[in-house]
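One-letter residues, chain by chain:
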Amino acid sequence: MIFLLDRLRLETLTFPPDLPNACARAFEEELQRPWSRIWCIEEEGTLVAFLSVWFVADEVHVIDVATAVSHRRRGLARALLFVMFDETKKQHSRLAVLEVRRSNVSAIALYRAFGFYAAHLRPAYYADGEDGVEMHCVFDVGSGAVVVRGDEV
Ligand SMILES: CC(C)(COP(=O)(O)OP(=O)(O)OC[C@H]1O[C@@H](n2cnc3c(N)ncnc32)[C@H](O)[C@@H]1OP(=O)(O)O)[C@@H](O)C(=O)NCCC(=O)NCCS
């Protein structure tokens, strides 16, 4: 089941070693930001997938999404993004934005399935010199539906 993380729930969660970029201290820092949301999926008290976003004005910024290696290709990241898209409708978001490594084919395929497109290329964006791809997803403000757009780079 998907739940929105809060401080009480964080105390009960175990972080598995095969879930990238997830640790209790970083999540605690995120929870202190009023604009931050972390949706989680747990299995018997162990976190198996999460999606961390910022709602800033009429935009949503996807900070990170990850699924434990042991739980991949079961639709968990997709389920988390569906929840985020429900929330963008409620918040009347105009745009979703994220950065992803150019080589991250699995994440790019996931985002594309939701209507994200490549909006900018960011050369050597990551510390190891890899390019980043900035992806956008545009929403129709009236209906909240995704406006389909092609890559711009
Ligand atoms: C990207 C990631 C979050 C996907 O999580 P997941 O729970 O396995 O994804 P899902 O099972 O919900 O997959 C949904 C869709 O994404 C795409 N996808 C996911 N993994 C893929 C892969 N290895 N190769 C190609 N497409 C993939 C597919 O379109 C998939 O639909 P399908 O299974 O019907 O083909 C996961 O691989 C991960 O944690 N990667 C490391 C962290 C990361 O890179 N996060 C992105 C940061 S920008």
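All figures in this text were calculated on a predicted structure; none of them were measured in a lab.

A. Representation of the domain arrangement of the protein. One can read the domain layout of the protein as domain 1 (1–92) and domain 2 (94–153). Each of domain 1 and domain 2 has a C-alpha centre, and these two points are 19 Å apart. Each side of the interface is counted separately: domain 1 has 14 residues, and domain 2 has 14 residues. Summed over both sides, the interface of domain 1 with domain 2 buries roughly 1,300 Å², with 69% coming from carbon and sulfur. Where domain 1 packs against domain 2, one counts two salt bridges. Inspection of the domain 1/domain 2 interface yields six residue pairs in polar contact (both at pLDDT 80 or more). Those elements that provide at least two residues to the side of domain 1 that touches domain 2 are β4 (59–67) and α3 (76–90). Of the residues forming the side of domain 1 that touches domain 2, the biggest block, seven residues, is contributed by α3.

B. The arrangement of the packing of aromatic side chains in detail. For the structure on display, the rule yields nine aromatic pairs. Where F27 meets F50, the ring centres are 5.0 Å apart and the plane angle is 65°; that geometry is what we call edge-to-face. Of this pair, F27 sits in helix α2 (residues 24–31) while F50 sits in strand β3 (residues 46–56), placing them 23 residues apart in sequence. Each member of the pair, F27 as well as F50, is classed as buried. Through successive ring pairs, a cluster of aromatic residues spans F82, F85, Y111, F114, F116 and F139. The residue whose ring lies beneath R9 is F3, and the NZ or CZ to ring-centre distance is 3.7 Å.

C. How the structure looks around the pattern of salt bridges. According to the stated counting rule, one finds 11 salt bridges in the structure shown. One salt bridge in this structure joins D151 and R112, with 2.9 Å as the shortest N-O distance. Separated by 39 residues along the polypeptide, D151 in the segment after β8 (146–147) and R112 in helix α4 (residues 105–113) bring together distant segments of the chain. Through salt bridges that share partners, D58, E59 and R94 make up one connected network.

D. Quick peek at the nonpolar core. L51, M84, Y111 and F116 are the most contacted members of the largest nonpolar core, which has 30 residues in total. Mapped by element, the contributors of at least two residues to this core are β2 (36–43), β3, β4, α3, β5 (95–101), α4 and β7 (132–139). Here the element with the most residues in this core is α3; it accounts for six residues. No fewer than three residues from each of domain 1 (1–92) and domain 2 (94–153) sit in this core. Once residues lying within four places of it in the same chain are set aside, the contact partners of M84 are W39, L51, V53, V60 and V62. One finds F3, L5, L31 and F50 within the second-largest nonpolar core, a separate group that totals 14 residues.

E. Local environment of α4. Those residues of α4 that sit buried are A107, I108, L110 and Y111. The buried residues of α4 occupy an angular sector of 160° when projected down its axis, which confines them to one face. Seen from the open side of α4, the exposed residues pointing more than 90 degrees away from its buried face are V105, S106 and A113. Directly beyond the C-terminal end of α4, a positive phi value near 100° is found at G115.

Cut-off values and rules
Starting afresh in each chain, residues are numbered from 1 along the sequence in its written order. This being a predicted model, a pLDDT of at least 70 is required before a residue's local features are given, and a value of 80 or more before pairs of side-chain atoms are given or counted; all residues contribute to the totals for chains, interfaces and linings. Excluding hydrogens and water, the side-chain figures rest on all heavy atoms present in the structure. What fixes the domain bounds is an automatic or database domain assignment. Only heavy atoms matter for contacts: two residues are in contact if any of them lie within 4.5 Å across the pair. Buried area is a sum: the accessible area each of two parts loses on coming together, probed at 1.4 Å, counted once for each and added. The salt bridge definition used is simple: a Lys or Arg side-chain nitrogen within 4 Å of an Asp or Glu carboxyl oxygen. In protein, a polar contact requires one atom able to donate a hydrogen and another able to accept it; more generally it is a pair of N or O atoms within 3.5 Å, and residues adjacent in sequence count only if both atoms are side-chain atoms. Put simply, DSSP marks the helices as runs of H or I at least four residues long and the strands as runs of E at least two long, and each gets a number from the N terminus on. Only the six-membered ring of Trp is used, alongside the rings of Phe and Tyr, when aromatic pairs are assigned; centres must lie within 6.5 Å, and planes under 30 degrees apart are stacked while those over 60 apart are edge-to-face, with the rest tilted. Whether a residue is buried, partly exposed or exposed follows from its accessible area with a 1.4 Å probe, protein chains only, as a fraction of its type maximum: under 20%, in between, or over 50%, in that order. Look at NZ for Lys and CZ for Arg. If either is within 6 Å of the ring centre and within 35 degrees of the ring normal, a charge sits over the ring. Among the buried residues, those of types Ala, Val, Leu, Ile, Met, Phe, Trp, Tyr and Cys that are joined through side-chain atoms within 4.5 Å form a nonpolar core. For this quantity, the arc is that covered by the directions from the helix axis to the C-beta atoms.

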